[in-house]
Amino acid sequence: MTTLLDGKIVRDSMMGELKNKTSDLEKKLKLAILQVGDKEESNTYIEQKKLFAEKIGAEVLHIRLTEDIAEEEVYAEIQKLNSDTSVHGIIIQLPLPENLDKNLIIQNIDPIKDVDGLTSVNTKLLWNNEKGHVPATARGILTLFDYYKIPIKGRRVVVVGRSQLVGKPVALSFLNRGAIVIVCHRGTSSIMSETKQADILVVAAGNPEFITKDFVREGQVVVDVGINVKKSEHQSEEILHKKVVGDVNFAEVSPIVSAISPVPGGVGPMTVLSLFQNLLDAYMMIEEK
Ligand code: NAP
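Since the model is a prediction, treat every value here as computed from it, not as a measurement.

## What about the packing of aromatic side chains?
So, step 1. By the definition in use, this model includes 4 aromatic pairs.
So, step 2. With a centroid separation of 5.2 Å and an interplanar angle of 35°, the aromatic rings of F52 and F276 are classed as tilted. One end of the pair, F52, is in helix α2 (residues 40-56); the other, F276, is in helix α11 (residues 267-288), with 224 residues separating them in the sequence. By the burial criterion, F52 is buried, and F276 matches it.
So, step 3. Pairing F210 with F215 gives two aromatic rings, centres 5.8 Å apart and planes at 70°, and the pair type is edge-to-face.
So, step 4. Classification of F215 by relative accessible area gives buried; the value is 11%.

## Digging into the domain arrangement of the protein chain
So, step 1. According to the domain assignment, the protein chain contains domain 1 (27-109) and domain 2 (136-268).
So, step 2. Each of domain 1 and domain 2 has a C-alpha centre, and the two are 27 Å apart.

## Topic: the site of the ligand
So, step 1. The local shell around the ligand holds 21 residues, among which R162, S163, R186, I227 and T271 are the closest.
So, step 2. Protein contacts shield 75% of the accessible area of the ligand, which totals 920 Å² for the unbound molecule.
So, step 3. With 3 residues, the single largest contributor to the shell around the ligand is α11.
So, step 4. When the residues that make up the shell around the ligand are grouped by side-chain class, the tally is 9 nonpolar, 10 polar and 2 charged.

Cut-offs used in this document
Residue positions within a chain follow its written sequence, with the count starting from 1. Reporting of local features is limited, given that this is a predicted model, to residues whose pLDDT is at least 70; pairs of side-chain atoms are given and counted only at 80 or more, and all residues count toward the totals for whole chains, interfaces and linings. The side-chain figures draw on all heavy atoms in the structure; neither hydrogens nor water molecules are used. Two rings from Phe, Tyr or Trp (for Trp, the six-membered ring) form a pair when their centres sit within 6.5 Å of each other. Planes less than 30 degrees apart are called stacked, planes more than 60 degrees apart edge-to-face, and all others tilted. A helix here means a DSSP run of H or I that spans at least four residues, while a strand means a run of E at least two residues long, and both kinds are numbered starting from the N terminus. Categorising residues by exposure relies on relative accessible area from a 1.4 Å probe, with only protein chains included: less than 20% of the type maximum marks a residue as buried, more than 50% marks it as exposed, and the intermediate range marks it as partly exposed. Where each domain starts and ends comes from a domain assignment, either automatic or drawn from a database. One heavy atom within 4 Å of a molecule or strand is enough for the residue carrying it to be called near that molecule or strand. Accessible surface area values rest on a Shrake-Rupley calculation with a 1.4 Å probe, where residue burial reflects the displayed protein chains alone. Asp, Glu, Lys and Arg are counted as charged, while Ala, Val, Leu, Ile, Met, Phe, Trp, Tyr, Cys and Pro are counted as nonpolar; the rest, among them Gly, fall into the polar class.

The following block contains the structure:
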């Protein structure tokens, strides 16, 4: 029988502990979210974070800047948040408008408050397998594995996707836990033969349901990171019929493999949980300074 790697169950079971720890703190745990523009998708993700914060008793400071803002003004906002002692974590809601340099902007965040783990300081710590903020999706996936007691050491992990936000941190996190890691991307000529050799397959491609039954084999653990909104064929009813699917064709793949995370309800809830675990870590680091 296939095990469902249920991120909602894991999140809910770990949320209580996070809530207790948060309520024991002297100061209120506070996350600042800096958004540039007003993308619908970003608004949805921010709402999810606010909802989770409310559940554990943390606070979210949501700053929304207009699309035409100059890069220097974004830097200035970040500097204010860096020196605000009531703020423990700062995230830049991605994507940013094209006229802004995401990488330069992120480097302005104080690494201790960089709870998305994207500054070069945290990237290097992950690279060196040292303690730092690990990007939330990667941390969430490993928490999912630990919860379901799935061994990692010595196993062959294939990651499809090499983005700075997901693919690379996921690959490094598995490598740091002793796995043998292969990373595939659009330039990989034989993805199917790579994915079939995996013990653990993590897909973060942003390509709706492209992993079909032909990419997998029995006994594998499949983690679907993708979040793709499938539009309705009935344009007038689009809002009512929006459907979220992953990068894996769940109906085809789930009967074959030994464990799989669903979309929605798999990695998504784990990412939000992990972001707030990073925030709590940041609080501790700041207070210990
Ligand atoms: P991204 O920056 O667009 O990167 C996608 C990666 O997948 C790239 O490395 C790309 O290869 C590779 N790729 C795309 N199509 C491929 C194909 N057909 N064959 C092989 N490789 C392919 O996306 P991302 O930010 O990593 O996000 C990936 C997905 O995860 C998206 O659906 C996103 O919404 C979702 N996501 C989910 C969570 C969560 O919490 N569940 C969090 C973040 C992101 P190249 O480098 O060669 O272009």
